[in-house]
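Remarks on the overall topology
Spelled out, the chains give:
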Amino acid sequence: MIDTSNTMRVSGLASGMNTDEIVANLVKVQSARLNKMQQSKTLATWKTDAYRDVNKKVNDFYNSMKDLRLESTFNKKTSSSSNESIVSATVSGIPSMSSYEIKNVEQAKPPIAASVKFFGTDLDTNLNMTLSDLNVADDGGGKTSLTINNTTYEFNISDKLSTVLSVINSKKELFVSYSATEKSLTFTKDPAGAGDITIAGSTTLLKALKIQAGSTLDSYKNQTDISSVTGTNKVQAKMLINGLEFRSDTNTITYDGMTFEIKSSMAADDSLSVTTKSDTDAVFTSIKTFVDKYNELISDLNGKLTEKKYRDYPPLLDDQKKDMKDTDIKLWDEKAKSGLLAGDSTIQSFLTEMRNSLMTVVGDPSVSPNFKTLKSIGINFSSSYRDNGKLVLDEEKLKGFLKTNLEDVKKLFTTKDRNAAISKTTANDKDLHDFSGFGWRLYDRLNEAITQLGSIAGSLNSTVDTKSFMAKQIKSLDTNMYNEQDKINAYEQRLWKQFGAMEKALQQLNSQGSWLSQQLGM
């Protein structure tokens, strides 16, 4: 019962009765109907969660097998190269050929920027010194200059060495950097590509920078304290695939649903081969996953259908929990929640229909007469009644058929009348059902089950559910509980009014008795 009154009352003064206890007990009896409603709401909430849990498991199974209806699942291929160190290949689409001859492989090379590095350039203590402090000569007007790749950079004699480096970098034609670790000054041409770096300028300025005039093409080569690189343009990757040349700015070339990765160049007279074949291992894994997930779902749902229901363990009320230990509450709740979906017709019907879908022969005439059932490829129903229709997979038999009869196995799962109306599914049209493969049958059946369970307890994607059957039931209970609570409050107020009137009458009677006693001298 919900306590709705905080009013301070003084009771039983005239009658000597424990009015509080009497009213509380009477209200408690009157609250029995409300308590039943509260327990019904708790059960409805638990049942909603149970349905949603089932829906989640059905959805998980749906996600694990939905691709079995698609031909692409069975068209997967794997590839191998005769020389992986030069070219590796992966299947990225649907190849039309089973082999590819590869020749004249050349790796792509990025552009290289022309650079020159001068070692032994210790500028640590000099970067903040001015050019005049470093004895740089005045070439006229208090200025000096440096020419790099036909671009002349002018500096004031009063400029610091750090300013010289900043001015060069500001042109964005060249980047110069100083490394205190290497004691080096590096000039790099920007952007990268074929080219040279030539440096010239005032002799005293070159001395102050501790560099020398010259060119990366000639004078900077083979010097002990200078390292230089002449710029080169990028080189495209090239290769012949079955005699046809392909080019790419990267070392990846895509052709005919294949992606070729160039790892190194090849001598002109050499060749290698890339071959493809059906990836039966991937197909086997997909089918085995379907069998395993199906069995998990069957076991779980049948467990819920046959779970024992303890009718002597209704949901506990808050008042009842106050006098119980946490461990006892947990044990009680476990029994109270047991059997929430026992014998549920929606789940039972779904399991029956799903099993029938897997037992019915595929009627499409294009499907081989020898491959019209799951049993024909090594998937059978368990003969033990305890398994409740679980599937048993003969792995070796299935692997054998995938190698010799992959096309027949594919049709067994993927066949469907593509001309059927969009409104028709294998779940609502028997002819389409019997005609179609097992992948489509399960796909449609699971979709329908997910929708049905959603209408009962709310969609898996909904955060606020107001339209499902259980949501409406809970809302109705809330309304009834609210009305019932109003009745209890009115009943309690009426009791207090009646007991108050009784106390007042007794008080008056006691006063009259005392007056009479005084008059009679008693």
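Our subject in this report is the structure included herewith. (Residues numbered from 1 in each chain as written. Predicted model: local features only at pLDDT ≥ 70, side-chain atom pairs only at ≥ 80, totals over all residues. Heavy atoms only, no water.)

Another point: the overall build of the chain. Each helix and strand in the chain was counted, giving 14 helices and 18 strands. Against the compact-globule benchmark of 24 Å for 522 residues, the chain has a radius of gyration of 44 Å, which places it well outside the compact range. Along the first, second and third principal axes, the C-alpha atoms of the chain reach 140 × 90 × 40 Å. The buried share of the chain, taken over its 522 residues, is 38%. A fraction of 72% describes how many contacts in the chain between residues 6 or more apart in sequence connect residues 24 or more apart. Both charge centroids of the chain, one from 65 positive and one from 65 negative side chains, sit 6 Å from each other. (Helix = DSSP H or I, 4+ residues; strand = E, 2+ residues; numbered from the N terminus. Rg over C-alpha atoms; globule rule 2.2 N^0.38 Å. Buried < 20%, exposed > 50% of the residue type's maximum accessible area, 1.4 Å probe, protein only. Contact = heavy atoms within 4.5 Å. Lys, Arg positive; Asp, Glu negative; His and termini not counted. Charge placed at Lys NZ, Arg CZ, Asp CG, Glu CD.)

Let us now look at the packing of aromatic side chains. Tallied over the entire structure, the rule returns 16 aromatic pairs. For the ring pair phenylalanine 290 and phenylalanine 413, a centre distance of 6.4 Å and an interplane angle of 85° mean the geometry is edge-to-face. Taken together, the positions of phenylalanine 290 in helix H6 (residues 280-305) and phenylalanine 413 in helix H11 (residues 406-414) put the pair 123 residues apart, joining distant regions of the chain. Classification of phenylalanine 290 by relative accessible area gives buried; the value is 1%. Taken together, the ring pairs connect Phe61, Phe74, Phe290, Tyr294, Phe413 and Phe438 into an aromatic cluster. (Phe/Tyr/Trp six-rings, centres within 6.5 Å; stacked < 30°, edge-to-face > 60°.)

So, about the nonpolar core. Judged by nonpolar contacts, the single largest core of 57 residues is most densely connected at Ile287, Phe290, Met354 and Phe413. Look past the residues within four positions of methionine 354 in its chain and what remains in contact with it is Phe61, Tyr294, Leu297, Ile298, Leu442, Arg445 and Leu446. With 30 residues, the next largest nonpolar core counts Val116, Leu161, Tyr178 and Ile199 among its residues. (Core = buried A, V, L, I, M, F, W, Y, C linked by side-chain atoms within 4.5 Å.)

Let us look at helix H9 (residues 345-359). Relative to the 21 Å expected for 15 residues at 1.5 Å per residue, H9 spans 21 Å between its end C-alpha atoms, a close match to the ideal helical length. The complete set of buried residues in H9 reads Ile347, Phe350, Leu351, Met354, Ser357 and Leu358. Along the axis of H9, the buried positions cluster into a sector of 125°, meaning they face one direction only. At the N-terminal boundary of H9, the capping side chain belongs to aspartate 344, with an oxygen 3.1 Å from the backbone nitrogen of threonine 346. (Expected span 1.5 Å × (residues − 1). Arc of directions from axis to C-beta. Polar contact = N/O pair within 3.5 Å; in protein donor to acceptor, adjacent residues only side chain to side chain.)

In this section: unusual backbone geometry. Of note, the bond from aspartate 190 into proline 191 is cis; its omega dihedral lies within 30 degrees of zero at 5°. Along the chain, proline 191 falls in the loop between strand S8 (184-189) and strand S9 (198-201). Even without glycine at this site, asparagine 242 takes up a positive phi of about 50°. Relative to the assigned elements, asparagine 242 resides in the loop between strand S12 (237-241) and strand S13 (244-248). The exposure class assigned to asparagine 242 is partly exposed, which follows from its relative accessible area of 34%.

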